[in-house]
Amino acid sequence: MDPRLITAIIVVVGVPTVLIGYIVLTEQVLRLFPERLKPKIRPWLWLAPALAFLIVWLVYPTIGTAIRSFQNSTGTKFIGFDNFVWFFTNPATIGALKNNVIWLVVMTILCVGLGLLIAVLVDRVRYESVAKAFIFVPLAISMVAAGVIWKFMYDYQTAGTTQIGTLNASLGGLGIGPIPWLQVSDFSVNTILLIVVMTWMWTGFCMVIISAALKGISVELLEAARVDGANEWQVFRGIILPLLLPTLAVVSTTIIITALKAFDIVYVMTSGNFDTEVMANRMIKEMFTNGNFGRASAIAMVLLLAIIPVMALNIRRFRAQEAIR
Amino acid sequence: MNQRSTRPIGRATTLFVAIGLLAAACSSGTASVAPTTAPGTAAPTTSGSSPAPSTASLAGQTVTVIGTWGGDEETAFKAMVKPWEDSTGAKVSYTGTRDLNTVLTTGVASGVLPDLAGLPGPGQMTQWADSLVDLGGVLDKATYTSETSAPLVDLGTVNGKLVGVFIKTSIKGLIWYDPKVLTVATPPATWDDLQKLITDNKSKAASPWCVGVESGAASGWSGTDWIEDLVLRQAGPDVYKQWYQGKVKWTDPAIKTAWQTFGDVVANSYGGGNTVNATNFANAGDPLFKTPPGCLFLHQASFITGLGGFKTATSGTDYNFFPFPDINTQFTGAVEGAGDLFGMFHDTPASRSLMAYLVTAPAQDVWVKIGGAISANKNATDYPDAISKRSAELLANSKIFVFDASDLMPSAMNDAFWKAIVDYVKDPSKLDAILASLDTAQADAYKAQ
């Protein structure tokens, strides 16, 4: 029989069997314990497989990376903080750090701001679902595909020849000469253009979540405000925005993490040239081109440390919300 | 919970669990058996001199190959291995990736490797020498050494072990032009003669030079070829050798002069720095064939004839070349070449057979005939046109032969070199800062060795 068919059968039969079987097994194991301990132990037994996966695929590599970040390029001896010193003194990595900060700030403001704006505006229109679908669709494509698409948008051909890039062609229509967009690093224009690509993809995500939260705001509240004479801006600032704050916080956190992870767009569009380097790209370079595992791990650790405060804030907020409930 | 009611159910489902877990375990067991590995035989299946591919029964076996070639080059490689596939019944499974470094670095670390692989360069090959199979047992070394020029054999040898063979070479630094646009009665012998030729023909094209350095993650490499050719002819092969060994600093006046000359070329190139950085190396020469011509000359290796506008142009009538002129007549006759190194990671009968086939003249003739390749095997002479033949002869008869310097540098240095070219083309005024940063990269990259 075709091996694939066998695998398919095993999956269809085996997976539910294993699932149910595991629960039954845990019940058998629990029989060994006194009655009052059972409710305390049961959750841990049920969590055990998920915890095992997390430990093997997440915790262990994180610890491994942390250890490697203190080792030399081949992992044969410990060199203390040398890799971190290198990270903060090497102009290439400092440039990457600076760019990541720009990504963080600009992308979050653009994504969340645009998402909020679109969600609020679209709420009042009849063709709401169509509009939302249009904005959301770019999220469905891969970042590499987005990079390729926008590479054409920003394309530059020599002045005087036919421009195939949308931006330069439009400028040509206005009589302005073509600009090599992705090469312009003054005022980080090219970095911001790369951020635009990522924003194009992720605004839909922000908009959808904010829109859902928006619909959760009680209509009576808004109507009462309007009856009392508040204009739209006052309604937005005084009622909608404060009530949306928890959602905005969650969305911002997600976008901040996505911005810090930015890699595909940079790799495909500029390969990090022209001062567009980001930490993830540097990490790949150190790891695979230079074969220096120590430095790559150090960069990964810096990224992790950068995200921890954001995560901590998020968890505190969740806890506060749980406490209210 | 009532013990009596759960007992029969408990027994049945426990049995189910056992079967399910067993089935899942068995399934993963069968899936993990790799179909390609077979016990290797001690004796090589064919000698390097036999013209026909091995006819040992390899039917149904697959050899996995990874290389950087894509598009036209990939088609050419597949045509090259087809006779072998037809005669042995085995199959070649080729994957092309520009990210060869990444794939092989992870492969060497994890043990998941293809059977044969194109190697990025002799410098990188040295780092992986322990994982590569000694080809002395696969090829007839005597025949290989007699059929291949000595420098190429040496480049593939690490500590006496032959681990890399060249299946294709190229000669770098040829100056291409369109004979319909300008006539070159005698090729310029010196750089000054070339400048005179440019001045005489200035009106015939928008600018003297076409340059294009874009190439994805490897952007900048065609600029490095310029610098290497200039260093070779301005400072000589000894400085060149010490330079790629990391013993000559980048801020050294000899190297700086080369960069400055390249800067002059970029300043006089079609579209200026912006276009140079935005144009892919394969299409950089297209303005040669435009009406009116965008440029007079393109500096590129022999393999350009298979790419971009050269593909559809007619050899001899639409394009021709002359070798890079001397700059310092002390170093006349110097030629820079490069090649595609191949190595073997898994010793299987099918891989041995394929490797032995790839170094033979008939195999290399296939690609040579398609165009854009020069064979590493001296006996492969099936060149499709006079131009390819001339470039092959130039390579074979070179007085001073050197290999592409950036391919011989450690990969970190090579990468910094590429980036430096891109930065320099963008802003030539930053030359000193760029060279200083290259020095820092050099100190870092070579100390690991």
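The structure displayed is predicted, hence computed values, not measured ones. (Residues numbered from 1 in each chain as written. Chains lettered and ligands numbered in written order. Predicted model: local features only at pLDDT ≥ 70, side-chain atom pairs only at ≥ 80, totals over all residues.)

*Asks:* Could you clarify how one ought to interpret the overall build of chain A in this entry?
*Replies:* Looking only at helices and strands, chain A features 13 helices and zero strands. Its helices and strands taken in sequence order, chain A reads α-α-α-α-α-α-α-α-α-α-α-α-α from the N to the C terminus. Computed over its C-alpha atoms, the radius of gyration of chain A comes to 26 Å, more than 25% above the 20 Å expected for a compact globule of 325 residues. For chain A, the residues scored as buried account for 31% of the 325 residues in total. A fraction of 66% describes how many contacts in chain A between residues 6 or more apart in sequence connect residues 24 or more apart. (Helix = DSSP H or I, 4+ residues; strand = E, 2+ residues; numbered from the N terminus. Rg over C-alpha atoms; globule rule 2.2 N^0.38 Å. Buried ≥ 20, exposed ≤ 12 C-beta atoms within 10 Å, placed from the backbone. Contact = placed C-beta atoms within 7 Å.)

*Asks:* Just to check I follow, could you spell out the domain arrangement of chain A for this structure?
*Replies:* Quite often, the size of an interface is put as the accessible area lost when its parts meet. You can read the domains of chain A as domain 1 (3–68) and domain 2 (82–324). For domain 1 of chain A and domain 2 of chain A, the distance between their C-alpha centres works out to 37 Å. (Domains from an automatic or database assignment.)

*Asks:* What is the right way to look at the confidence of the model for chain A in this model?
*Replies:* If pLDDT is low for a region, its predicted coordinates should not be looked at in detail. Taken as a whole, chain A shows an average pLDDT of 91; of its residues, 99% reach a score of 70 or greater. For chain A, per-element mean pLDDT is lowest for helix α13 (residues 293–324) of chain A, which scores 87, and highest for helix α8 (residues 189–215) of chain A, which scores 95. (pLDDT = per-residue confidence, 0-100.)

*Asks:* Please explain the packing of helix α5 (residues 128–136) of chain A against α8(A) as it appears in this structure.
*Replies:* Relative placement of two packed helices is described by the angle separating their axes and the distance separating the axes. Residue and element names in this part refer to chain A. Where α5 contacts α8, the two axes come as close as 7 Å, and the packing angle between them is 145°. From α5, Lys132, Ile135 and Phe136 reach across to α8, where they touch Thr203, Gly204, Met207, Val208 and Ser211. Looking at the contact of α5 with α8 residue by residue, the classes come out as four nonpolar, three polar and one charged. (Axes fitted to C-alpha atoms, helices over the stretch in contact; angles between N-to-C directions. Nonpolar A, V, L, I, M, F, W, Y, C, P; charged D, E, K, R; others polar.)

*Asks:* Teacher, can you tell me more about the nonpolar core here?
*Replies:* Nonpolar side chains tend toward joint burial in soluble globular proteins. Residues and elements named next belong to chain B. Formed by 120 residues in total, the largest nonpolar core has its most connected members in Leu135, Trp176, Val231 and Cys295. At 10 residues, the largest contribution of residues to this core is made by helix α17 (residues 411–426). Of the domains in this structure, domain 1 (62–170 + 338–403) and domain 2 (172–337 + 406–447) are the two that each give at least three residues to this core. The residues contacting leucine 135, other than those within four sequence positions of it, are Leu162, Val163, Val165, Met344 and Met355. (Core = buried A, V, L, I, M, F, W, Y, C linked by C-beta atoms within 7 Å.)

*Asks:* Even after reading the chapter, I still don't get the sheet that holds strand β7 (residues 174–177) of chain B, so can you show me in this structure?
*Replies:* Residues and elements named next belong to chain B. The mixed open sheet is built from four strands, whose spatial order is β8-β9-β7-β10. The open sheet is flanked by β8 (207–210) and β10 (320–323), the only strands paired with a single partner. When the angles between neighbouring strand axes are averaged without regard to direction, this sheet yields 30°. (Pairing = 2+ DSSP bridges.)

*Asks:* Hey, could you run me through the environment of Arg282(A) in this one?
*Replies:* All names here are of chain A. Tracing the sequence through the fold places arginine 282 in helix α12 (residues 279–289). Given 25 C-beta atoms within a 10 Å radius, arginine 282 is considered buried. The contact partners of arginine 282, leaving out residues within four places of it in the chain, are Ala92, Thr93, Ala96, Glu277 and Ile299.

*Asks:* Just to check I follow, could you spell out helix α2 (residues 71–88) of chain B for this structure?
*Replies:* Along an α-helix, a turn takes 3.6 residues, which lines up residues three or four apart on a common side. All names here are of chain B. With 18 residues, α2 extends 26 Å from end C-alpha to end C-alpha; this agrees with the ideal 26 Å at 1.5 Å per step. The largest bend in α2 comes to about 35°, at valine 81, with the proline proline 83 one to four residues further on. Taken residue by residue, α2 has Glu73, Ala76, Phe77, Met80, Val81, Trp84 and Thr88 as its buried positions. Along its buried surface, α2 packs onto β1 (62–67), β2 (91–96), α13 (349–358) and α14 (361–370). Just past α2, the residue glycine 89 takes up positive phi, approximately 85°. (Expected span 1.5 Å × (residues − 1). Bend = angle between axes of the 7 residues up to and from the residue.)

*Asks:* How do you make sense of the domain arrangement of chain B when you look at a structure like this?
*Replies:* Residues and elements named next belong to chain B. According to the domain assignment, chain B contains domain 1 (62–170 + 338–403) and domain 2 (172–337 + 406–447). Tallying the contact residues gives 28 residues for domain 1 and 30 residues for domain 2. Within the residue set of the side of domain 1 that touches domain 2, elements represented by two or more residues are α4 (122–127), β6 (165–171), β11 (334–344), α15 (386–396) and β12 (400–403). At six residues, the largest contribution of residues to the side of domain 1 that touches domain 2 is made by α15. A class-by-class count of the residues in the side of domain 1 that touches domain 2 yields 12 nonpolar, 12 polar and four charged.

*Asks:* How should I be thinking about the packing of helix α8 (residues 221–235) of chain B against helix α10 (residues 253–267) of chain B in this particular structure?
*Replies:* All names here are of chain B. In contact at an axis separation of 9 Å, α8 and α10 are set at 125° when each is read in the N-to-C sense. It follows that α8 is oblique to α10 by the angle criterion. Along this stretch, α8 crosses α10, giving a crossing that reads as right-handed. Of the residues in α10, those in contact with Gly223, Trp226, Ile227, Leu230, Val231, Gln234 and Ala235 of α8 are Ala254, Ile255, Thr257, Ala258, Trp259, Thr261, Phe262 and Val265. Across the contact of α8 with α10, the residue classes break down as 11 nonpolar, four polar and no charged. (Parallel < 35°, antiparallel > 145°, perpendicular 65-115°, else oblique. Left-handed = near helix turned anticlockwise from the far one by under 90°.)

*Asks:* I would appreciate a short explanation of the pairing of strand β9 (residues 295–300) of chain B in the present structure.
*Replies:* Taken residue by residue, a regular strand's side chains alternate between the two faces of the sheet. Residues and elements named next belong to chain B. Counting buried positions along β9 gives six out of six residues, so the element sits mostly inside the fold. Here four bridges tie β7 to β9, and the two strands are oriented antiparallel to one another. In the strand pairing of β9, leucine 174 is matched with glutamine 300.

*Asks:* Help me out: how do you make sense of unusual backbone geometry in this one?
*Replies:* Leave glycine aside and you will find that most residues have negative phi; peptide bonds, for their part, are mostly trans. Cis geometry is adopted by the peptide bond preceding Pro292(B), which originates at Thr291(B) and carries an omega value of -5°. Along the chain, Pro292(B) falls in the loop between α11 (272–278) and β9. Positive phi values are uncommon outside glycine, yet Phe187(A) reaches one of about 55°. Relative to the elements of secondary structure, Phe187(A) occurs in the loop between α7 (166–173) and α8. Backbone geometry places Asp275(A), a non-glycine residue, at a positive phi of 60°. Relative to the assigned elements, Asp275(A) resides in the loop between α11 (264–269) and α12. Residue classification places Asp275(A) among the buried positions, given that 20 C-beta atoms sit within 10 Å.

*Asks:* Before we go on, may I ask you to explain the environment of Met201(A) in this structure?
*Replies:* Residues and elements named next belong to chain A. Take methionine 201: it is sitting in helix α8. Taking the number of C-beta atoms within 10 Å as the measure of exposure, methionine 201 has 22 and is therefore buried. In the structure, methionine 201 is positioned 14 residues away from phenylalanine 187 in sequence and 23 Å away in space, judged by C-alpha atoms. When sequence neighbours within four positions are dropped, the list of residues in contact with methionine 201 reads Pro138, Leu139, Met143 and Ala146.

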